[in-house]
Amino acid sequence: MFPVLRSFCLLAATALVSAPLTADEPTGSDNWWWDDDWWEDGVMYSDLENHEVEIERFEYQRDDLDIPAMVARPSDGEAYPAILWAHGRRGLDDLAELHVKRLAARGFVVLAPDMYTGRFMESHPLDHDYELEGDLDRGLDVLLERDDIVGDRACLVSITRGGYKALKVAVTFERQVADVACWAGYYPHLQDPNLGEPHQVYRYANEVNQLEIPMMILIGEEEQYQRHRTARMAADGLESRGGEVHWIEYPGVGRGFDFRNGNNRTFADDLASRDAMMRVTRFVNQNLRD
């Protein structure tokens, strides 16, 4: 079994530097570490580059369906590595778009389909619509057809249930290696959401065992039991078969650390989200630029 990577000391120092107190900071504020520049625009004070981001909104077609999407990318007009971003049950809402923007600020062209709106679905559906996987796969085609990306492959980045859709794109749609170079999943759902409780707790999707690309999982130690257990089993299973797995677990951090906001957000959430962004950036660059 591979070791759990749980180092916060250097990260804590980095976060303190990146979220300085300012003159207009409320005296006695409990959220002294809050940094609007990071949350809204993805600015980080580290060895990573910061890019001003521009956003493009459009629709692409799959069969007779129009699928809304956003592309976030650096505004300098240069070409950058490509990322296909898969949302979870909440859909592509305001908080999800902020994550896409923060990722693009690292120097990526990020395409994020709004799969629910395209199918007139409400947010947070209980059941999984398998057509969404095909909609995401079509988004990969659209991304790879762009002339502002570096190379001819992309990496997948997913949040929660988007992990299952990303897994299906890579394996079921046979896009890994040739079109997809790597996959990073934030606390990913790695089982068919339509299966019953025993499958959610004690099994993971068989497609994981067919992965041929590097996988990174970023998850809180206090994640929901069934999500943490399934993700860990999936990672261990793939690693035992010789797959490349990067397991990043954040101590004392719970569910949704990159989405929890306002008074619900903690200093630990902020440490985890910044660290995760740095690790995903290096992971994607390593697999797309090398």
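Just so it is clear, the model here is predicted, and its values are computed rather than measured.

Asks: I tried to follow the state of the cysteines on my own but got confused; where do I start?
Replies: As used in these notes, a disulfide is a covalent bond between sulfur atoms, one from each of two cysteines. One pass over the full model with this rule turns up one disulfide. Disulfide pairing places Cys155 opposite Cys182 at an S-S distance of 2.0 Å. Judged by the sign of its S-S torsion, about 115°, the bond between Cys155 and Cys182 is right-handed. With a gap of 27 residues between them, Cys155 in strand β5 (residues 149–159) and Cys182 in strand β6 (residues 180–186) connect regions that are remote in the sequence. Its relative accessible area of 0% is what places Cys182 among the buried residues.

Asks: For this particular structure, what's the right way to read the packing of aromatic side chains?
Replies: The geometry of an aromatic ring pair comes down to the distance between the two centres and the angle between the two planes. Tallying each qualifying case throughout the model produces four aromatic pairs. Between the aromatic rings of Tyr186 and Phe257, the centroid separation amounts to 6.1 Å while the plane-to-plane angle is 45°, which identifies the pairing as tilted. Of the two residues, Tyr186 sits in strand β6 while Phe257 sits in the loop between β8 (245–250) and α9 (267–289), which places them 71 residues apart along the sequence. Phe257 shares its class with Tyr186; the two are buried. A ring pair is formed by Tyr187 and Phe257, whose centres lie 5.2 Å apart and whose planes are at 80°; its orientation type is edge-to-face. Of this pair, Tyr187 sits in the loop between β6 and α7 (197–202) while Phe257 is found in the loop between β8 and α9, placing the two residues 70 residues apart along the sequence. For Tyr187, a relative accessible area of 1% gives the class buried.

Asks: How should I be thinking about helix α8 (residues 225–240) in this particular structure?
Replies: Between its terminal C-alpha atoms α8 stretches 22 Å, which fits the 22 Å expected from 16 residues at 1.5 Å a residue. Within α8, the full set of buried residues consists of Arg227, His228, Thr230, Ala231, Arg232, Ala234, Ala235, Asp236, Gly237 and Leu238. Just past α8, the residue Gly242 takes up positive phi, approximately 90°.

Asks: Just to check I follow, could you spell out the pairing of strand β4 (residues 109–113) for this structure?
Replies: Consecutive side chains of a regular strand alternate in pointing toward one face of the sheet and then the other. Among the five residues that make up β4, five are buried, leaving the element largely enclosed by the rest of the structure. Going residue by residue along β4, you find Val109, Leu111 and Pro113 tucked away on one face and Val110 and Ala112 tucked away on the opposite face as well. Pairing of strand β2 (residues 65–74) with β4 involves four bridges; the strand directions are antiparallel. Looking across to β4, one finds that Val71 is bridged to Leu111. Between the parallel pair strand β3 (residues 80–86) and β4, the chain is carried across by helix α3 (residues 94–104), and the sense of this crossover is right-handed.

Asks: What's the story with the side chain of Gln191 in this structure? I'm lost.
Replies: If you trace the backbone, Gln191 turns up in the loop between β6 and α7. Accessibility expressed as a relative area gives 5% for Gln191, which makes it buried. Of the polar contacts made by the side chain of Gln191, one reaches the backbone oxygen of His199; its length is 3.2 Å.

Thresholds applied
Residues numbered from 1 in each chain as written. Predicted model: local features only at pLDDT ≥ 70, side-chain atom pairs only at ≥ 80, totals over all residues. Heavy atoms only, no water. Disulfide = S-S within 2.5 Å. Helix = DSSP H or I, 4+ residues; strand = E, 2+ residues; numbered from the N terminus. Buried < 20%, exposed > 50% of the residue type's maximum accessible area, 1.4 Å probe, protein only. Phe/Tyr/Trp six-rings, centres within 6.5 Å; stacked < 30°, edge-to-face > 60°. Expected span 1.5 Å × (residues − 1). Pairing = 2+ DSSP bridges. Right-handed = clockwise from strand over helix to strand, strands pointing away. Polar contact = N/O pair within 3.5 Å; in protein donor to acceptor, adjacent residues only side chain to side chain.

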